[in-house]
Amino acid sequence: MEVYRTACPRDCLDSCAILAYVESGKIVGVKGDPQHPPTGGFLCPKGNSYIEYVYNPERLKYPMIKKNGRLQRASWDEALDYIVLKIREAINTYGPLSIFHNYDSGSEAVLKNLDRRFFNALGGCTGVSGSLCWGGGIAAQSYDFGGLMQNDVEDLANAGGIVLWGRNVTDTNSHAVPFIKKALLREGKLAVINPLKTGIDGEADLVARPRPGTDAALALGAARYLIKRGLVDEEFIKKYTLGFEEFCRAAEDFTEKKARDITGVDEGIIEKLALFYVQNSPVTTLLGYGLQRYRGGGNAVRAIDALSAITGNIGKPGAGVSYGHQMHWPVGARVAGAELANGKRYFDRTNLAREILNAQNPPIKAAFITRSNPMNMNPDTAAMKKALNSIETVVVIDLFMTDTAREADVVLPCTSFFEEENLRANSWSHWIFYCPRIIEPVGESRPDEEIFMDLAHRMGLSGFEGLNTEKLLEWAFKPLEACGINLEQLKKVGYMRNPKIPRVAWEDKKFSTPSGKFEFYSQKAASEGQSPVAGYIPPAEEDLAKEPGAYRYFFITPHSRFRIHSQFQNISKLKALHPEPVVYMHPAEAESLGLKTGDEVEIYNDRGRISARLFLERNMRRDVVAMESGWNIESGACANFLTPCTTTEMGESAAFYDCRVAVGKID
């Protein structure tokens, strides 16, 4: 039996190192690498299901072309020649901007970025901008810190206090839990801020359940409490920050009473939260992404950043506001080949359906969907179906027949990370991984980069001369060579710390803002039409709760521990653990509606209707219903039939949770 080191490429906070066991050319076992400190020898339920994922009978194994309304098997030559024909027809008549490319983070393997190089080499195309995930927070921390950086996950053990602000670590960040527990064993304290129950509430010293979309008001109220009592880190503020007086004026209005009225959190809890940051320093705040999925989400992150800054919980071990880092972004930039494009047009991911439907000069004639499933994961699923059906040729590259693939004219099967050679780096891990090709491709599947190299050669595109996997790996790794490491070293050991990422964020106190300081007041924000200091913006659909026949409930769609977005729905092991969609509601609200546990209920608003089994949960807010995101259309519970095309005030991010619904029993 052979054992290989590789890494999970999923869009996940944990970035696990994997040991894969291979016998007779087939994977027979996987486990977390015990020598990789963050992984610690265990995998989540998704990682443990990788054998079934690879050898799943529902894997796409050969190309398909739609004929007479049905997808039918085709050869690679037939499929690729057909795609080349359609690209040339579109470009010759309408120009390269009539070609649309949608990509996201379905795989974070670095060489996947070759898809972008292909479309840049066409002369440019219509691409996507904004974020379905975390753009509001990126913009916020760019104003405050000048960019994204976070302490190593292992540093959590050094924290005197940990605040899980909107992050359910047991479901979406399980490899942080051992380090949190190390801190607690050292008499560290834990605070949980979440409108929903989390798996670690029972170990928390403080739990606050704010009204959805009001986190900024909660942070501003806590900050004001400390400012009024002189409980701030004056030395840190004086030496390393800009605009504290302006921030004080912005927070002045957020008395404990006003913060209580906005957030629904008792004044005593607001005071305890404020003191938590002072009495337990150093304090690490782990931000979830849900708290910025509202119209005012960017300001929420800025307010929490400010609360950490006034208490000096920045730039030292055990402290910081952890949202992500951007130090890995140069890795793979050359692969994407931005310099090859003559021009680009961008469609907002949040409003993608209407952007496609309204496109003129030129209209969209061909679309390529890679590393993404917009039919399922973008807002307004009904409109997305109309948009994709309006395009003459839709090409999807995937491992499974997703909701988007079902709308395609051409479907191409790609490999899993076990069947290709790649690198892995992302926005949360301090490590970079080498992923060797461990087994032969399943069926006729091909790595994404091989598909695009083949298409480029058929079209005679420049920028692909002499390219192969080894050359692409060298390009991707090149930015790290200046740090004294090389690709061959990485291949030998499997993973190493990314030398460009410090273990403690901003420890030198040299921030990347225009002033070189942490900026409570950002002139850059002001110049871009934002408030220069953190403020509170109410949720967009707040008034819907006050209308007759009101949509009384906030609709929150957190991530599942059994899926990554819409991925892993085909795994029987995971289906057994979570066989059907469920929606959570407070028992008192269910009783008021004549509902009980186990009822089949309908969740609806003016945009659509979905259904799920009702479960009751006392440890959540009464004005919320919650259902995990990612369920496919066939399940009847695709949440994005209900979500609006609202964007955050900064960062062009989808405000998925700025959504109101009603609930009723299905007879």
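Above this text you will find the structure in question.
Residues numbered from 1 in each chain as written. Predicted model: local features only at pLDDT ≥ 70, side-chain atom pairs only at ≥ 80, totals over all residues. Heavy atoms only, no water.

S.K.: Quick one: what's the story with the environment of R302, residue by residue and with numbers?
M.R.: Counting through the fold element by element, R302 comes out in helix α13 (residues 297–310). Accessibility expressed as a relative area gives 2% for R302, which makes it buried. When residues no more than four places from it in sequence are discounted, the contact partners of R302 are A140, Y143, D144, E519, F520, S522, A525, S531, P532, V533, A534 and M650. In this structure the side chain of R302 is engaged in a polar contact, spanning 2.7 Å, whose partner is the side chain of D144. (Helix = DSSP H or I, 4+ residues; strand = E, 2+ residues; numbered from the N terminus. Buried < 20%, exposed > 50% of the residue type's maximum accessible area, 1.4 Å probe, protein only. Contact = heavy atoms within 4.5 Å. Polar contact = N/O pair within 3.5 Å; in protein donor to acceptor, adjacent residues only side chain to side chain.)

S.K.: Could you give an account of helix α18 (residues 448–459), naming the residues involved and the relevant values?
M.R.: Between its first and last C-alpha, α18 extends 17 Å over twelve residues, near the 16 Å set by a 1.5 Å rise per residue. Counting buried positions over the twelve residues of α18 gives nine, a clear majority of the element. Looking at α18, one finds that the buried residues are D448, E449, I451, F452, M453, D454, L455, A456 and M459. Positive backbone phi, at 70°, marks G460, one or two positions downstream of α18. (Expected span 1.5 Å × (residues − 1).)

S.K.: Could you give me a rundown of helix α17 (residues 381–389), with the residues and numbers involved?
M.R.: Within α17 the residues assigned to the buried category are T381, A383, M384, A387 and L388. With its buried residues spanning 155° around the axis, α17 presents them on a single face. (Arc of directions from axis to C-beta.)

S.K.: Run through unusual backbone geometry, naming residues and quoting values.
M.R.: Omega for the bond connecting S281 with P282 falls within 30 degrees of zero, at 5°, which places this linkage in the cis form. Tracing the backbone shows P282 in the loop between α12 (267–279) and β12 (283–287). Of note, the amide linkage connecting N361 to P362 takes the cis form, showing an omega dihedral of 5°. Structurally, P362 is set in the loop between α15 (352–358) and β15 (366–370). For S15, which is not glycine, the phi dihedral falls at a positive 55°. Along the polypeptide, S15 turns up in the loop between β1 (2–7) and β2 (17–23). A relative accessible area of 2% places S15 in the buried class. Although it is not a glycine, N68 sits at a positive phi angle of roughly 55°. As for its placement among the helices and strands, N68 is situated in the loop between β4 (64–67) and β5 (70–73).

S.K.: I'd like to hear about the side chain of T557, residue by residue, with values.
M.R.: Relative to the assigned elements, T557 resides in the loop between β22 (553–556) and α22 (572–577). Beyond its immediate sequence surroundings of up to four residues, T557 is in contact with M627, S629, A639 and Y657.

S.K.: Any chance you could break down the sheet that holds β2 for me, citing the residues and the numbers?
M.R.: Across the sheet, which stays open at both edges, the three strands sit in the order β1-β2-β3 with antiparallel pairing between neighbours. Both outer strands of the open sheet, β1 and β3 (26–32), are each paired with one neighbouring strand and no more. Ignoring strand direction, the axes of neighbouring strands in this sheet form an average angle of 30°. Pairing of β1 with β2, which is carried by six bridges, proceeds in the antiparallel orientation. By the bridge assignment for β2, R5 is matched with L19. (Pairing = 2+ DSSP bridges. Axes fitted to C-alpha atoms, helices over the stretch in contact; angles between N-to-C directions.)

S.K.: An account of the environment of A336 is requested, with residue identities and associated values reported.
M.R.: On the secondary structure map, A336 appears in helix α14 (residues 333–336). On the accessibility criterion, A336 (5% relative accessible area) is buried. As a C-alpha pair, A336 and H101 span 235 residues in sequence and 13 Å in three-dimensional space. What A336 contacts, discounting residues up to four positions off in sequence, is N113, R116, R117 and N120.

S.K.: Give a description of the sheet that holds strand β10 (residues 206–208) that names residues and reports values.
M.R.: The five strands are arranged β10-β9-β8-β12-β13 in an open sheet whose pairing can be described as parallel. Either end of the sheet is taken by a strand with one partner, and the two such strands are β10 and β13 (320–322). On average, each strand axis in the sheet is inclined to that of its neighbour by 15°, with strand direction left out of account. Sheet topology places strand β8 (residues 161–165) next to β12; five bridges connect them, and they run parallel. Residue V163 lies in a different strand from β12, and its bridge partner there is T285. Relative to the sheet, α13 contacts β8, β12 and β13, its axis offset from that of β12 by approximately 170°.

S.K.: Outline the pattern of salt bridges, listing residues and values.
M.R.: Inspection of every chain in the model, using the stated rule, returns 46 salt bridges. The partner of R371 in a salt bridge is D115, and the shortest N-O contact between them spans 3.0 Å. On the criterion of sequence distance, the pair formed by R371 in the loop between β15 and α16 (374–377) and D115 in helix α4 (residues 114–121) is long-range, its members being 256 residues apart. Relative accessible area serves as the criterion here: at 2%, D115 is assigned to the buried category. For K228, the salt bridge is made with E252, and the minimal N-O distance between the two is 2.9 Å. Taken together, the residues K228 in helix α8 (residues 215–228) and E252 in the loop between α10 (244–251) and α11 (256–263) connect sequence positions 24 residues apart. On the basis of relative accessibility, which here comes to 46%, the residue K228 falls in the partly exposed class. Taking relative accessible area as the criterion, E252 reaches 35% and is therefore assigned partly exposed. What you see here is one network of salt bridges that share partners, running through D77, D81, R446, D454 and R458. (Salt bridge = Lys/Arg side-chain N within 4 Å of Asp/Glu carboxyl O.)

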